[in-house]
Amino acid sequence: MRCIPYIVLYVALLVLNSCQSEPSLQRYFVDKSESKDFIALDLSPSILNIDKSKLTATQKEALGSFDKMNILAFKLNDKNKAQFELERANVNSILKDEKYQQLMKFGSGQEGASISFIGDDEHIDEFVFFANKKENGFAVVRVLGKDMNPTMIFNMISVLKEADIDLDQLKPLQDLMTK
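Residues numbered from 1 in each chain as written. Predicted model: local features only at pLDDT ≥ 70, side-chain atom pairs only at ≥ 80, totals over all residues. Heavy atoms only, no water.

Undergrad: Could you clarify how one ought to interpret the packing of aromatic side chains in this entry?
TA: The description of an aromatic ring pair rests on the distance of the ring centres and on the angle between the ring planes. Applying the stated criterion across every chain, the model contains eight aromatic pairs. Pairing Tyr28 with Phe38 gives two aromatic rings, centres 6.2 Å apart and planes at 85°, and the pair type is edge-to-face. Linking Tyr28 in helix α2 (residues 25–32) with Phe38 in strand β1 (residues 38–43), this pair joins segments that are ten residues apart in sequence. As far as the burial class goes, Tyr28 and Phe38 line up, both buried. A ring pair is formed by Phe117 and Phe127, whose centres lie 6.3 Å apart and whose planes are at 50°; its orientation type is tilted. Residue Phe117 is found in strand β4 (residues 112–120), and its partner Phe127 is found in strand β5 (residues 123–133); the two are separated by ten residues along the sequence. (Phe/Tyr/Trp six-rings, centres within 6.5 Å; stacked < 30°, edge-to-face > 60°. Helix = DSSP H or I, 4+ residues; strand = E, 2+ residues; numbered from the N terminus. Buried < 20%, exposed > 50% of the residue type's maximum accessible area, 1.4 Å probe, protein only.)

Undergrad: Looking at this model, I keep getting lost on the layout of surface pockets. Mind explaining?
TA: Summary: where empty space remains is shown by rolling a probe the size of a single water molecule over the atoms. The space that makes up the second largest pocket amounts to roughly 230 Å³. In this structure, the second largest pocket is lined by 15 residues; those nearest its centre are Asn92, Gln102, Lys105, Ser114 and Phe130. Those elements that place two or more of their residues in the lining of the second largest pocket are α4 (81–95), β3 (101–107), β4 and β5. In terms of residue count, the dominant contributor to the lining of the second largest pocket is β4 (four residues). Residue composition of the lining of the second largest pocket, by class: five nonpolar, eight polar and two charged. (1 Å grid on protein atoms, 1.4 Å probe; cavity = no way out; pocket = protein on both sides within 12 Å on 5 of 7 lines; lining within 4 Å. Points joined across faces, edges and corners; volume = space filled by probe spheres on them. Nonpolar A, V, L, I, M, F, W, Y, C, P; charged D, E, K, R; others polar.)

Undergrad: Honestly, the nonpolar core in this entry has me stumped. Any pointers?
TA: Here is a general trend for soluble globular proteins: nonpolar side chains tend to be buried in one another's company. Leu48, Leu63, Phe127 and Met156 are the most contacted members of the largest nonpolar core, which totals 22 residues. Those elements giving two or more residues to this core turn out to be β1, α3 (57–65), β2 (66–75), β4, β5, β6 (137–148) and α5 (150–162). Among the elements that take part in this core, α5 stands out by supplying four residues, more than any other. Not counting chain neighbours up to four residues away, the residues in contact with Phe127 comprise Leu103, Ile115, Ser116, Phe117, Val141, Arg142, Val143, Met148, Asn149, Pro150 and Ile153. (Core = buried A, V, L, I, M, F, W, Y, C linked by side-chain atoms within 4.5 Å. Contact = heavy atoms within 4.5 Å.)

Have a look at this one:
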């Protein structure tokens, strides 16, 4: 009977220790969303304002696989250049984790963009777009969904052409890009 409290303590320590995980993009978003240097937006498919009756079956499937989009942008100014370099390095470090598979990359290390994903080729749970520009800052976009694939992303682009997006919801990002 005396060893039961020790067993409970040991199990509790194991559980607490397993909760400490390596950095993730989700954790990064949560940690930075309240920072004055960042702009954070969460967008649902409803922002697209699409008449689904005008979509093809392929477009409907692509739209149905899309759950939400999280956007985190760092707005660069004269006072936060060192912070910009640190934060950009943090995002790059997170995206080097083996769970993020890089689909494509363009530009240089100092400026450019990359597209990565989590999952396998036919069952993607998350696409990550990371773009940075040394004059403006950077943005990380997480597209979350169910069983997405690269083809669905291209189909989503065709869906976006049909969208009547409420640009007022994207005003913080427009302000970032027009520094």
